[in-house]
Amino acid sequence: MPLLAFETSCDETSAAIIHNGRILSNVVSSQIQIHAEYGGVVPELAAREHLRNFLPVTRAALAEAHIDVGQIDAVAATQGPGLPSALMVGLKAGQAMAFALRARFVGVHHHEAHLYSPWIAGNPPAAEFSQFEPNVSLIVSGGHTMLVHVESLLKHRVLGWTVDDAAGECFDKAGKLLGHPYPAGPAIDRLAEQGNPRAYDFPRPMVNEPHDDFSFSGLKTSIRYFLRDHPSLLDDRKAVSDLCASIQAAIVDVLVSKTMRAAKRLRVGCVTASGGVTCNRSLRKQFADACERERIYMRLADKNLCTDNAAMIGILAEQKLAAGVKDNDSEQEILPNWELA
Ligand code: KG4
Ligand code: ZN
């Protein structure tokens, strides 16, 4: 029986229909345009947009999957972490739907769902858990940067996370200094294409430290000071490309080398990555090269599943129900600061 999943933890309103590991539909309405003029996500606006989008997105997901709402026998929604007012829309609306449909309900941890999105592939997309291998998983987006050891399906341990800014935030803030609107990651990716990544030498924070934590605020500061001291560079197109390529190289080097190092230390033969920054072409290339060199199996989330989506929430919820996880009752509340164990 099909499962209806919701994701509303930040600025994407998404609904998906999942059946036996297959994604029958995955509708995502992004609010990027709305928040761009404020330079970042405004929580109150995000919640209002989720309320406005919730039913149209749900109707579209049902229609695309050719499923009648009466056929739904389980509902899942992101319970945390995320923006409180945004989480509340998906969780409470999801619980209400489950109540009305007499369906089971599962609240899902957003980051735990990211861990399994690299295993979704194919056309039509489906979870390829028959190919699952124990792995080190990098979750890297505008809100989070963390490394997780996924020992088996549904069993994981966090190795490290960012002590300050997320890697996506560093892309966004560096881009802002270069005059690009939020989110600036894709613009840096594009401009870096023609640039020389070795033109400017930016720090690789914590790259050689023995733990698995990340830090990106120092890099952001060094970019700010560099631009303060060389303001005329911004008028030179070649210099801007070189600058973008060099900033990107500093971020990507840290992410790839710390992920590979953790995989080797833990003797796992697989690395995975998900989250918005996984769309970055240089990150994908550097991962591919490093994994080929080290003969490690690599799974990067499909580009349209890197960013937040309900399909990954539903895929994890289905696994949890199959594993006998008790469905939650409708009394469950949002957990905005829920930490992955
Ligand atoms: O996963 P996501 O949509 O949202 C959360 O933050 O949860 O990730 C958005 C982040 C933004 O910081 C954006 O700049 C970054 O992902 N991003 C990229 C690229 N595409 C998106 N960063 C670098 N290169 C890209 N191609
Ligand atoms: Zn996310």
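Everything here concerns the structure above.
Residues numbered from 1 in each chain as written. Chains lettered and ligands numbered in written order. Predicted model: local features only at pLDDT ≥ 70, side-chain atom pairs only at ≥ 80, totals over all residues. Heavy atoms only, no water.

Peer 1: Please clarify how the pattern of salt bridges should be interpreted in this entry.
Peer 2: A pair can form between side chains of opposite charge whenever their charged atoms are brought close. Enumeration over the complete set of coordinates arrives at 18 salt bridges. Two residues, Arg48 and Glu44, come together in a salt bridge whose shortest N-O distance is 3.5 Å. Remark: Glu44 and Arg48 occur in helix H2 (residues 43–65); sequence separation between them is four residues, near one turn of the helix. The closest approach of N and O atoms between Arg204 and Asp253, which form a salt bridge, is 2.9 Å. Pair noted here: Arg204 is in the loop between helix H6 (185–192) and helix H7 (217–229) and Asp253 is in helix H8 (residues 237–265), with a separation of 49 residues, a long-range link. Relative accessible area serves as the criterion here: at 24%, Arg204 is assigned to the partly exposed category. Residue Asp253 is classed as partly exposed on the basis of its relative accessible area, which comes to 33%. Here the salt bridges do not stand alone but share partners, grouping Asp165, Glu169, Lys173 and Lys220 into one network. (Salt bridge = Lys/Arg side-chain N within 4 Å of Asp/Glu carboxyl O. Helix = DSSP H or I, 4+ residues; strand = E, 2+ residues; numbered from the N terminus. Buried < 20%, exposed > 50% of the residue type's maximum accessible area, 1.4 Å probe, protein only.)

Peer 1: I tried to follow the side chain of Asn309 on my own but got confused; where do I start?
Peer 2: Considering the arrangement of structural elements, one finds Asn309 in the loop between helix H10 (303–306) and helix H11 (310–322). Among the polar contacts listed, one links the side chain of Asn309 to the backbone oxygen of Leu305, at a separation of 3.2 Å. A polar contact of 2.9 Å, which involves the side chain of Asn309, links it to the backbone nitrogen of Met312. Ignoring any residue separated from it by four or fewer positions in sequence, one finds Asn309 in contact with Glu7, Ser14, Asn26 and Val28. (Polar contact = N/O pair within 3.5 Å; in protein donor to acceptor, adjacent residues only side chain to side chain. Contact = heavy atoms within 4.5 Å.)

Peer 1: Mind showing me how you'd approach the site of ligand 1 here?
Peer 2: With respect to spatial proximity, 17 residues lie near ligand 1, and among them Gly142, Gly143, Asp172, Asp189 and Asn280 are the closest. Measuring from an oxygen atom of ligand 1, one finds a side-chain N or O atom of Asp172 at 2.6 Å. The contact in question runs from a nitrogen atom of ligand 1 to an N or O atom on the side chain of Asp189, over 2.8 Å. Its free accessible area being 560 Å², ligand 1 has 90% of it covered by the protein chains. Listed by contribution, the elements that provide at least two residues to the shell around ligand 1 are helix H5 (167–177) and H6. Class assignment for the residues of the shell around ligand 1 results in five nonpolar, nine polar and three charged. (Near = heavy atom within 4 Å. Areas by Shrake-Rupley, 256 points an atom, 1.4 Å probe, with all protein chains shown as cover. Nonpolar A, V, L, I, M, F, W, Y, C, P; charged D, E, K, R; others polar.)

Peer 1: Mind showing me how you'd approach the coordination of the zinc ion (ligand 2) here?
Peer 2: Ideal values differ by geometry: the angle at a metal is 109.5 degrees with four tetrahedral donors, but 90 or 180 degrees with six octahedral donors. Around the zinc ion (ligand 2), the protein contributes the donor atoms His110 (NE2), His114 (NE2), His144 (NE2) and Asp308 (OD), at 2.1 to 2.7 Å from the metal centre. Note that the zinc ion (ligand 2) binds four donor atoms; their angles at the metal cover 94 to 157 degrees, and the shape is irregular. Counting the intervening residues between successive donors of the zinc ion (ligand 2) yields the motif H-x3-H-x29-H-x163-D. One end of the pair is His110 and the other is His114, both in helix H4 (residues 110–116) and four residues apart, which spans about a single turn. (Donors = N, O, S within 2.8 Å, 3.2 Å for Na, K, Ca; no water. Tetrahedral: all angles 85-135°; square planar, octahedral: opposite > 155°, others 65-115°.)

Peer 1: Looking at this model, I keep getting lost on the layout of surface pockets. Mind explaining?
Peer 2: Empty space among the atoms becomes visible once a probe the size of a water molecule is rolled across them. Each pocket or cavity is described by its volume, and for the largest pocket that value is around 1,300 Å³. Contributing to the lining of the largest pocket are 50 residues, with Ser141, Gly142, Gly143, His144 and Tyr182 lying nearest its centre. Taken together, the elements giving at least two residues each to the lining of the largest pocket come down to helix H1 (32–36), H4, strand E9 (145–152), H5 and H6. Counting residues per element, the lining of the largest pocket draws most heavily on H5, which supplies six residues. In terms of residue class, the lining of the largest pocket is built from 19 nonpolar, 21 polar and ten charged. Taken together, 16 residues make up the lining of the second largest pocket; nearest its centre are Pro197, Gln248, Ala249, Ser282 and Gln286. Looking at the lining of the second largest pocket, the elements with two or more residues in it are H6, H8 and helix H9 (281–294). Taken together, the residues of the lining of the second largest pocket sort by class into five nonpolar, four polar and seven charged. (1 Å grid on protein atoms, 1.4 Å probe; cavity = no way out; pocket = protein on both sides within 12 Å on 5 of 7 lines; lining within 4 Å. Points joined across faces, edges and corners; volume = space filled by probe spheres on them.)

Peer 1: Before we go on, may I ask you to explain the nonpolar core in this structure?
Peer 2: It is characteristic of soluble globular proteins that their nonpolar side chains tend to be buried jointly. Core analysis: the largest hydrophobic core is formed by 47 residues, its most contacted members being Phe202, Phe216, Ile251, Leu255 and Phe287. For this core, the elements supplying multiple residues, two or more each, are strand E8 (135–140), H5, H6, H7, H8, strand E11 (270–274) and H9. Per element, the largest residue contribution to this core is 15 residues, and it comes from H8. Those residues in contact with Phe202, other than ones at most four positions away along the chain, are Leu219, Ser222, Ile223, Phe226, Leu243, Ser246, Ile247 and Ala250. Counting 32 residues, the second largest nonpolar core, distinct from the first, contains Cys270, Leu305, Ile315 and Leu316. (Core = buried A, V, L, I, M, F, W, Y, C linked by side-chain atoms within 4.5 Å.)

Peer 1: Can you walk me through H7 in this structure?
Peer 2: Helical geometry: 3.6 residues make up each α-helical turn, so side chains three or four residues apart lie on a common side. Spanning 13 residues, H7 covers 19 Å between terminal C-alpha atoms, matching the ideal 18 Å at 1.5 Å per step. The set of residues buried in H7 consists of Leu219, Lys220, Ile223, Phe226 and Leu227. Seen from one end, H7 has its buried residues packed into an arc of 125 degrees, which puts them on one side. Those residues of H7 that are buried lie in contact with H5 and H8. (Expected span 1.5 Å × (residues − 1). Arc of directions from axis to C-beta.)

Read these as layout, nothing more, since geometry by itself doesn't imply function.
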